[in-house]
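Results of the structural survey
One-letter residues, chain by chain:
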Amino acid sequence: MEQISANRSHGGVQGVFKHASDATKTDMTFSVFVPDHAPGTKLPVLWYLSGLTCTHANVTEKGEFRKACAEHGIIFIAPDTSPRGPDVADDPDGAYDFGLGAGFYVDATQAPFSTHYKMRTYIETELPALISEHFPTDMQRQGITGHSMGGHGALTIALRNPDRFRSVSAFAPIVSPLNCPWGEKALTGYLGDDRSKWREYDACALIEDGARVADLLIDQGRADNFLETQLMPARLKDACDQASLPLTLRLHEGYDHSYFFISTFMADHIAWHSERLR
């Protein structure tokens, strides 16, 4: 593992790291904020998964999470959204919603994407092992959150691994890739035409099929351009209501899909996770 940068901030250290991934067969970059702590102390972990077109850098530079993480003593980890490199397949038309920057946190089964696009394995297995080895983490106390495509990743990963994550939240998540243009394009390209294989990557379908977490926190802007066509939080509310799964869905007037929205409510989410990670 190579350290790319380290910066003092809010009584902690913001680092950026690179390593060779076995899962993606590429170099992968991620950021980690570690608050100051007593020697030998193990800290809880909050994972943040980013959205379409993003890298680790978007939330690291614009998420405004460090002050709250320092106050609550939480390590904040932000991986990349896809494998990258000259040999990594991309959307043939160069579209933003498939290929590089749009890994959708799946393990692809369709060529040529199946060679490198193993983001599920990377996020669920490989990176946690690396983090546990090199940072002062208490891996019995993990939470996960994310934005848009990353919100989809956070919800589905937590629902598939309820014993691993004590808390899960999201900002403007894609709640049902089975039923939106972004999801239909990505899951067809990565997994093929058999929609039954998509269900493990759809939060609403996972809940319908019996997956459970203790509770969910979702923040969504009402001025989000993608609200009605891509995100559709009402579908998640219906699935949670049917399953008696506690959901706090907060709709905010005037807020859009940007990091201006995310950074406004980031401290709220960190405090919410902290209560569950004590």
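Anyway, here's the lowdown on the structure attached to this text. From a predicted model like this one, the values you see are computed outputs, not experimental measurements.

Some thoughts on the overall build of the chain
Across its full length, the chain holds nine helices and nine strands. In summary, the chain has a C-alpha radius of gyration of 17 Å against a globular reference of 19 Å for 278 residues, a match within 12%. By principal-axis analysis of the C-alpha atoms, the chain measures approximately 50 × 45 × 35 Å. Looking at the chain as a whole, 60% of its 278 residues qualify as buried. Taking the intrachain contacts of the chain between residues at least 6 apart in sequence as the baseline, contacts between residues at least 24 apart amount to 72%. On the chain, roughly 11,200 Å² of surface is accessible, and the fraction owed to carbon and sulfur atoms is 47%. Put simply, the chain has 25 plus and 36 minus side-chain charges, and the middle of one group is 5 Å from the middle of the other.

Describing the side chain of T24
Residue placement: T24 occurs in the loop between β2 (12-20) and β3 (27-35). Contact partners of T24, with chain neighbours within four places excluded, come to P83, T115, H116, K118, M119 and Y122.

A look at helix α5 (residues 181-191)
An α-helical turn contains 3.6 residues, so a residue and the one three or four places further along point in the same direction. Among all positions in α5, only W182, G183, A186, L187, Y190 and L191 are buried. For α5, the angular spread of buried residues about the axis comes to 105°, placing them on one side. On its buried face, α5 sits against α7 (227-231).

Points about the nonpolar core
The biggest cluster of nonpolar side chains holds 87 residues, and the ones touching the most others in it are F76 and Y190. In terms of residue count, the dominant contributor to this core is helix α9 (residues 259-277) (seven residues). What F76 contacts, discounting residues up to four positions off in sequence, is S31, V32, F33, L46, Y48, V59, F65, C69 and M266.

Reading the values: the criteria
- Residues numbered from 1 in each chain as written.
- Predicted model: local features only at pLDDT ≥ 70, side-chain atom pairs only at ≥ 80, totals over all residues.
- Heavy atoms only, no water.
- Helix = DSSP H or I, 4+ residues; strand = E, 2+ residues; numbered from the N terminus.
- Rg over C-alpha atoms; globule rule 2.2 N^0.38 Å.
- Buried < 20%, exposed > 50% of the residue type's maximum accessible area, 1.4 Å probe, protein only.
- Contact = heavy atoms within 4.5 Å.
- Areas by Shrake-Rupley, 256 points an atom, 1.4 Å probe, with all protein chains shown as cover.
- Lys, Arg positive; Asp, Glu negative; His and termini not counted.
- Charge placed at Lys NZ, Arg CZ, Asp CG, Glu CD.
- Arc of directions from axis to C-beta.
- Core = buried A, V, L, I, M, F, W, Y, C linked by side-chain atoms within 4.5 Å.

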